[in-house]
Amino acid sequence: EQARTPALYASLGAPDTVEGRFEMVALHVWLVMRRLKGDERAKKVSQCLFDAMFQNMDDSLRELGVGDLQVGKKVRKLAENFYGRIGAYEEAMKQDVERDGVEDPLAKALARNIFEREMTETAPAFADYVRRADASLQNQPQSRIAGGIIVFPDVDEGARS
C-alpha cells in the first residue's frame, strides 16, 4: 500500500511507470524485510512477504499479457534486480553511519536504481524518507509487523521540518 502513495511519485519524483512502481514495491518490501531480521518467526514472515511480492509480480505480468514461457524468465530477472537493490541499499546504510561530508551513499544508490541516473534533485529527499521509514520500522514491534500492522512515516514529513 505504501508503495502506491501518490507523494512518492508527486513529491519525490518516483517514475509513475511499471518499472517505477516495481522500484517502490521493492524498496518498501526491503525496508520491512530489514526490520524482520532476527528470530525464526520473523524470518518466516519475511520469506512469506518475499514470496507474496513475486507471486504478485508473476500475476501482474500475466495480466499485462506476457506469455507463459516468458513470465518465469522475467520474474527471475526481477528477483535478481531485487537482490541487487537489497545489496546496494544495505551497503549504503552501512556507509551512512560515517559519511561526514561525503556525498550521500543512499541517495546515490536510490538515484541509480529508481531514476537510472547518478544523482537527481529529489534523491536526497528520497534518502531522507528511507531513513525515516527505517527508523520508524525499527521502533515498531516485530510481532505487530509480522502480523501485518505496519506504519510508514508520511512521505512529505521531512520536507516540512
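Before reading on, note that the structure itself is shown above.
Residues numbered from 1 in each chain as written. Predicted model: local features only at pLDDT ≥ 70, side-chain atom pairs only at ≥ 80, totals over all residues. Heavy atoms only, no water.

**Looking at the pattern of salt bridges**
Here is step 1 of the chain: If you walk through the whole model with that rule in mind, you get eleven salt bridges.
Here is step 2 of the chain: For the salt bridge of Asp-104 with Arg-131, the shortest nitrogen-to-oxygen distance reads 2.6 Å. A residue pair is termed long-range when its members are at least 10 positions apart, and Asp-104 in the loop between helix H4 (68-96) and helix H5 (105-115) and Arg-131 in helix H6 (residues 123-138) qualify at 27 residues.
Here is step 3 of the chain: We classify Asp-104 as buried; its relative accessible area is 11%.
Here is step 4 of the chain: Linked by salt bridges that have partners in common, Arg-34, Lys-37, Glu-90 and Asp-134 make up one network. (Salt bridge = Lys/Arg side-chain N within 4 Å of Asp/Glu carboxyl O. Helix = DSSP H or I, 4+ residues; strand = E, 2+ residues; numbered from the N terminus. Buried < 20%, exposed > 50% of the residue type's maximum accessible area, 1.4 Å probe, protein only.)

**Observations concerning the nonpolar core**
Here is step 1 of the chain: Of all hydrophobic cores here, the largest spans 49 residues; its most connected members are Phe-54, Phe-82, Leu-110, Phe-126 and Val-130.
Here is step 2 of the chain: Every residue in contact with Leu-110, bar those within four places of it in the chain, is listed here: Leu-27, Tyr-89, Phe-115, Ala-123, Phe-126, Ala-127 and Val-130. (Core = buried A, V, L, I, M, F, W, Y, C linked by side-chain atoms within 4.5 Å. Contact = heavy atoms within 4.5 Å.)

**Things to note about the side chain of Gln-2**
Here is step 1 of the chain: If you trace the backbone, Gln-2 turns up in the segment before helix H1 (6-10).
Here is step 2 of the chain: On the accessibility criterion, Gln-2 (18% relative accessible area) is buried.
Here is step 3 of the chain: Looking at Gln-2, its side chain comes within polar contact range of the side chain of Tyr-129, at 2.9 Å.
Here is step 4 of the chain: When neighbours within four sequence positions are excluded, Gln-2 is seen to be in contact with Leu-8, His-28, Tyr-129, Phe-152, Pro-153 and Val-155. (Polar contact = N/O pair within 3.5 Å; in protein donor to acceptor, adjacent residues only side chain to side chain.)

**Points about unusual backbone geometry**
Here is step 1 of the chain: Its identity is not glycine, yet Glu-116 carries a phi of approximately 55°, on the positive side.
Here is step 2 of the chain: Note on placement: Glu-116 falls in the loop between H5 and H6.
Here is step 3 of the chain: A relative accessible area of 68% places Glu-116 in the exposed class.

**Some words on the side chain of Ser-46**
Here is step 1 of the chain: With respect to the helices and strands, the residue Ser-46 is situated in helix H3 (residues 40-63).
Here is step 2 of the chain: Discounting chain neighbours no more than four positions away, the residues touching Ser-46 are Met-33 and Leu-36.

**A few points about the packing of aromatic side chains**
Here is step 1 of the chain: Applying the stated criterion across every chain, the model contains seven aromatic pairs.
Here is step 2 of the chain: Ring centres of Trp-30 and Tyr-89 lie 5.3 Å apart, and the angle between their planes is 50°; on these two criteria the pair is classed as tilted. Residue Trp-30 is located in helix H2 (residues 18-35), and its partner Tyr-89 is located in helix H4; the two are separated by 59 residues in the primary sequence. Considered together, Trp-30 and Tyr-89 belong to a single accessibility category, that of buried residues.
Here is step 3 of the chain: Between Phe-50 and Phe-82, the aromatic rings sit 5.8 Å apart at their centres with planes inclined by 50°, giving tilted as the arrangement. Highlighted residues: Phe-50 in helix H3 and Phe-82 in helix H4, separated in sequence by 32 residues. (Phe/Tyr/Trp six-rings, centres within 6.5 Å; stacked < 30°, edge-to-face > 60°.)

**Overview of H6**
Here is step 1 of the chain: Between its first and last C-alpha atoms H6 spans 22 Å; for 16 residues at 1.5 Å apiece the expected length is 22 Å, and the two agree.
Here is step 2 of the chain: The set of residues buried in H6 consists of Ala-123, Phe-126, Ala-127, Tyr-129, Val-130, Arg-131, Arg-132, Ala-133, Asp-134 and Leu-137. (Expected span 1.5 Å × (residues − 1).)

**As for the layout of surface pockets**
Here is step 1 of the chain: Roughly 1200 Å³ of volume is contained in the largest pocket.
Here is step 2 of the chain: Lining the largest pocket we find 42 residues, and of these Arg-21, Phe-22, Val-25, Asn-56 and Met-57 sit closest to its centre.
Here is step 3 of the chain: Take the lining of the largest pocket: its biggest share by element is ten residues, from H2.
Here is step 4 of the chain: A class-by-class count of the residues in the lining of the largest pocket yields 23 nonpolar, ten polar and nine charged. (1 Å grid on protein atoms, 1.4 Å probe; cavity = no way out; pocket = protein on both sides within 12 Å on 5 of 7 lines; lining within 4 Å. Points joined across faces, edges and corners; volume = space filled by probe spheres on them. Nonpolar A, V, L, I, M, F, W, Y, C, P; charged D, E, K, R; others polar.)

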